[in-house]
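Examination of the molecular architecture
One letter stands for each residue in the lines below.
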Amino acid sequence: MTKTKVHIQESWKPLLNDFFQSNDFQSLSKNLKEEIKMGKIIYPPSHLIFHAFHLCPFHKLKVVLIGQDPYHNQGEAMGLSFSVPKGIKIPPSLKNIYKELENDVPFHLPDHGDLTHWAKQGVLLLNAMLTVEHKKAGSHQKIGWQNFTDHVIQKISDEKQHIVFLLWGNFAKSKAHLIDQNKHLILQAAHPSPLARGAFFGSKHFSKTNAYLKKMGKTPIDWQI
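Below is a short write-up of the structure. All values derive from a computational prediction rather than experimental measurement. (Residues numbered from 1 in each chain as written. Predicted model: local features only at pLDDT ≥ 70, side-chain atom pairs only at ≥ 80, totals over all residues. Heavy atoms only, no water.)

Below, the discussion takes up the overall build of the protein chain. Broken down by element type, the protein chain carries eight helices and six strands. Secondary structure of the protein chain in N-to-C order comes out as α-α-β-α-β-α-α-β-β-α-β-α-β-α. Reported as C-alpha extents along the three principal axes, the dimensions of the protein chain are approximately 45 × 35 × 25 Å. Counting only residues that meet the buried cut, the protein chain has 54% of its 225 residues in that class. Considering only intrachain contacts with a sequence separation of at least 6, the fraction spanning at least 24 residues in the protein chain is 68%. Roughly 10800 Å² of accessible area belongs to the protein chain as shown, and the carbon and sulfur atoms make up 50% of that amount. (Helix = DSSP H or I, 4+ residues; strand = E, 2+ residues; numbered from the N terminus. Buried < 20%, exposed > 50% of the residue type's maximum accessible area, 1.4 Å probe, protein only. Contact = heavy atoms within 4.5 Å. Areas by Shrake-Rupley, 256 points an atom, 1.4 Å probe, with all protein chains shown as cover.)

Written out as structure tokens, the structure reads:
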């Protein structure tokens, strides 16, 4: 994972190049290379690590949905928080997101979990950790990714106006201090995981997001995928 292998959409580069040239990124890159050298299986595949930034250009950004780390089973992680490729079983948290969508906005239950359509409309599906070891949830919490994603969140807060930040669960909520709430809308809820025992339901974040975007003169998100 050298600088030449970081593939992100051009509009992000002025904001993120300083991090990619920093000691923090060099340390992160070294840590990841060492994991791979030890024979560990890392998700997502290297060409998808920065996929969220490839699909959602900075100039189109409207919503930031913060997850924790990628899915850790083979074939699931695709570089977008909560999303899995077509043909992969829909994970429990995403099933609950779909249930909330059905009760909040016009939405027909899809037969897949690929959220690419959201990303292309300006939803940054950002995991706080962009990689994970096979079958080991949270395994890359301490290799340096949070320095990068905290930098991203702070930069978005500083450089943009009227972005909706969706913070689901305590981990995502811990990022609220990085966001200027006078410039942006922060919506917080329980995590959609079944472990939250339904506390996520009724948050109505999808309709609230679109109401805010309309108020700010922006095109709302088509949540149907």
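Right, let's talk about empty space enclosed by the protein for a bit. Left-over empty space is what a probe sized like a water molecule reveals as it rolls over the atoms. Inspection of every chain in the model, using the stated rule, returns one cavity of 30 Å³ or more. Lining the largest cavity we find Ile49, Phe50, Ala52, Phe53, Pro70, Gly79, Leu80, Leu125, Leu126, Asn127 and Leu130. Where the lining of the largest cavity is concerned, the elements lending two or more residues are helix H3 (51–55) and strand S3 (123–127). Among the elements that line the lining of the largest cavity, the one with the most residues is S3, at three residues. Looking at the lining of the largest cavity, its residues break down into nine nonpolar, two polar and no charged. (1 Å grid on protein atoms, 1.4 Å probe; cavity = no way out; pocket = protein on both sides within 12 Å on 5 of 7 lines; lining within 4 Å. Points joined across faces, edges and corners; volume = space filled by probe spheres on them. Nonpolar A, V, L, I, M, F, W, Y, C, P; charged D, E, K, R; others polar.)

Let us look at the packing of aromatic side chains. One pass over the structure, following the stated rule, counts 20 aromatic pairs. Ring geometry for Tyr98 against Phe107: centres 5.5 Å apart, planes inclined by 45°, an arrangement best described as tilted. Considered together, Tyr98 and Phe107 belong to a single accessibility category, that of buried residues. When the centroid spacing of 6.2 Å and the interplanar angle of 50° are considered together, the rings of Trp118 and Phe206 count as tilted. Placement of Trp118 in helix H5 (residues 116–120) and of Phe206 in helix H8 (residues 205–215) is noted, with a sequence separation of 88 residues between them. Overall, Trp118 belongs to the buried group, its relative accessible area being 0%. Among the aromatic residues, ring-to-ring pairing joins Trp12, Phe19, Phe20, Phe25, Phe50, Phe53, Phe58, Trp145 and Phe148 into one connected group. Of note, Lys160 hangs over the ring of Phe58, and the distance from its end group to the ring centre comes to 4.6 Å. (Phe/Tyr/Trp six-rings, centres within 6.5 Å; stacked < 30°, edge-to-face > 60°. Lys NZ or Arg CZ within 6 Å of the ring centre and 35° of its normal.)

A general trend in soluble globular proteins is that nonpolar side chains are found buried together. In this structure, Trp12, Phe53, Trp118, Leu124, Trp145, Phe148 and Ile156 are the most contacted members of the largest nonpolar core, which totals 70 residues. Non-local contacts of Trp118, meaning those with residues more than four positions away in its chain, are made with Leu65, Ile97, Leu101, Val123, Leu125, Phe206, Asp222, Trp223 and Ile225. (Core = buried A, V, L, I, M, F, W, Y, C linked by side-chain atoms within 4.5 Å.)

Here Ser83 is to be found in the loop between strand S2 (63–67) and helix H4 (92–104). A distance of 3.3 Å separates a polar atom in the side chain of Ser83 from the backbone oxygen of Gly113. Of the polar contacts made by the side chain of Ser83, one reaches the backbone nitrogen of Leu115; its length is 2.9 Å. Beyond its immediate stretch of four places on either side in the chain, Ser83 contacts Tyr71, Glu76, Met78, Gly113, Asp114 and Leu115. (Polar contact = N/O pair within 3.5 Å; in protein donor to acceptor, adjacent residues only side chain to side chain.)

The next thing to look at is helix H6 (residues 145–159). For H6, built from 15 residues, the straight-helix expectation of 21 Å at 1.5 Å per residue is met to within 8% by its first-to-last C-alpha distance of 21 Å. The set of residues buried in H6 consists of Trp145, Phe148, Thr149, His151, Val152, Ile153, Ile156 and Ser157. In this structure, the buried side of H6 is in contact with helix H1 (13–20), helix H2 (23–37), H3, S2, S3 and strand S5 (164–168). (Expected span 1.5 Å × (residues − 1).)

Where burial is concerned, most of S5 is hidden: five out of the five residues are buried. Both S2 and S5 contribute to a ladder of four bridges, which runs parallel. Following the sheet pairing, Val63 is matched in S5 by Val164. As defined by bridge partners, S5 adjoins strand S6 (residues 185–189) across five bridges and the pair is classed as parallel. Bridging from a neighbouring strand, Phe165 pairs with Ile186 of S6. (Pairing = 2+ DSSP bridges.)

Let us now look at the packing of H4 against H8. Where H4 meets H8, the axes come as close as 8 Å, and the angle between the chain directions of the two elements is 60°. Taken together, H4 and H8 sit at an angle that is classed as oblique. Residues Ile97, Glu100, Leu101 and Asp104 of H4 lie in contact with H8, whose contacting residues are His205, Phe206 and Ser207. Here the contact of H4 with H8 is built from residues that sort into three nonpolar, two polar and two charged. (Axes fitted to C-alpha atoms, helices over the stretch in contact; angles between N-to-C directions. Parallel < 35°, antiparallel > 145°, perpendicular 65-115°, else oblique.)

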